[in-house]
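The chain contents come next:
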Amino acid sequence: KIKSVARCFQALRMAVNNEVNELKQGLRAALALLKPGGRIVVLSYHSIEDRIVKNFFREHKLPKKPEGGKYFRIMTKKPLRPDERECRLNSAARSARMRAVEMVLVADG
């Protein structure tokens, strides 16, 4: 019963704060501002957020045959999750997922 209430509250909070659109906007802004060698690390606490981050990183990842431009080198093939000890110490960490990318610049030609 408590889990259901928590999920409802989380969904309401996400909607009221426009969190999905804010996340997408933040990722686009980070892509525009990031310099080669710069990194983006994102912690998500909900599967919807994690899916958005994963898909954004994939859309901009370094292709096998890149043309000139800015791309992400994905640093975390799968999201990093907290271990059992971390979850015991911090119950909010149990749903956390961390993903990271590094910006690379490919020269034309």
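Here we take up the overall build of the protein chain. The number of helices and strands found in the protein chain is 4 helices and 3 strands. Helices and strands in the protein chain line up, N terminus first, as α-α-β-α-β-α-β. A compact globule built from 109 residues should have a C-alpha radius of gyration of about 13 Å, whereas the protein chain, at 16 Å, is more than 25% larger. Counting over 109 residues, the protein chain shows a buried share of 27%. At a minimum sequence separation of 6, the contacts of the protein chain that also span at least 24 residues come to 71%. Summed over all atoms, the accessible surface of the protein chain reaches about 8200 Å², with 55% contributed by carbon and sulfur. Here the protein chain contributes 24 positive and 11 negative side-chain charges, whose respective centroids are spaced 5 Å apart.

Here we come to helix α1 (residues 2-16). Relative to the 21 Å expected for 15 residues at 1.5 Å per residue, α1 spans 21 Å between its end C-alpha atoms, a close match to the ideal helical length. Within two residues after α1, Asn-18 carries a phi angle of roughly 55 degrees, on the positive side.

The next thing to look at is the sheet that holds strand β2 (residues 69-74). Read across the open sheet, the 3 strands follow the order β1-β3-β2; overall the sheet is antiparallel. Every interior strand has two partners, whereas the edge strands, β1 (39-44) and β2, have only one. Ignoring which end each strand starts from, the neighbouring axes of this sheet average 30 degrees apart. As judged from the 6 bridges shared by β1 and strand β3 (residues 97-106), these two strands associate in the antiparallel manner.

Bringing the packing of helix α2 (residues 19-33) against helix α3 (residues 47-59) into the picture now. The N-to-C vectors of α2 and α3 enclose an angle of 25 degrees; their axes lie 10 Å apart at closest approach. One finds that α2 runs roughly parallel with respect to α3. In terms of crossing hand, the pair formed by α2 and α3 is right-handed. Two secondary-structure elements touch here, α2 through Glu-19, Val-20, Leu-23, Lys-24, Leu-27, Arg-28 and Leu-31 and α3 through Ile-48, Glu-49, Ile-52, Val-53, Phe-56 and Phe-57. For the contact of α2 with α3, a count of residues per class yields 9 nonpolar, no polar and 4 charged.

Our focus in this paragraph is the confidence of the model for the protein chain. Here the protein chain shows a mean pLDDT of 92. Residues at 70 or above account for 98%. Mean pLDDT across the elements of the protein chain bottoms out in α1 (85) and peaks in β1 (96).

Here the focus is the packing of aromatic side chains. All chains considered together, the criterion is met by 2 aromatic pairs. When the centroid spacing of 6.1 Å and the interplanar angle of 55 degrees are considered together, the rings of Phe-56 and Phe-72 count as tilted. Here the residue Phe-56 occupies a position in helix α3, and Phe-72 occupies one in strand β2, the gap between them amounting to 16 residues. Given the relative accessible area of 9%, Phe-56 is considered buried. A centroid spacing of 5.6 Å and a plane angle of 75 degrees characterise the contact between Phe-57 and Phe-72, whose relative ring orientation is edge-to-face. Residue Phe-57 is located in helix α3, and its partner Phe-72 is located in strand β2; the two are separated by 15 residues in the primary sequence. Each member of the pair, Phe-57 together with Phe-72, is buried. Through a chain of ring-to-ring contacts, the aromatic side chains of Phe-56, Phe-57 and Phe-72 assemble into a single cluster.

Procedures and definitions
- Residues numbered from 1 in each chain as written.
- Predicted model: local features only at pLDDT ≥ 70, side-chain atom pairs only at ≥ 80, totals over all residues.
- Heavy atoms only, no water.
- Helix = DSSP H or I, 4+ residues; strand = E, 2+ residues; numbered from the N terminus.
- Rg over C-alpha atoms; globule rule 2.2 N^0.38 Å.
- Buried < 20%, exposed > 50% of the residue type's maximum accessible area, 1.4 Å probe, protein only.
- Contact = heavy atoms within 4.5 Å.
- Areas by Shrake-Rupley, 256 points an atom, 1.4 Å probe, with all protein chains shown as cover.
- Lys, Arg positive; Asp, Glu negative; His and termini not counted.
- Charge placed at Lys NZ, Arg CZ, Asp CG, Glu CD.
- Expected span 1.5 Å × (residues − 1).
- Pairing = 2+ DSSP bridges.
- Axes fitted to C-alpha atoms, helices over the stretch in contact; angles between N-to-C directions.
- Parallel < 35°, antiparallel > 145°, perpendicular 65-115°, else oblique.
- Left-handed = near helix turned anticlockwise from the far one by under 90°.
- Nonpolar A, V, L, I, M, F, W, Y, C, P; charged D, E, K, R; others polar.
- pLDDT = per-residue confidence, 0-100.
- Phe/Tyr/Trp six-rings, centres within 6.5 Å; stacked < 30°, edge-to-face > 60°.

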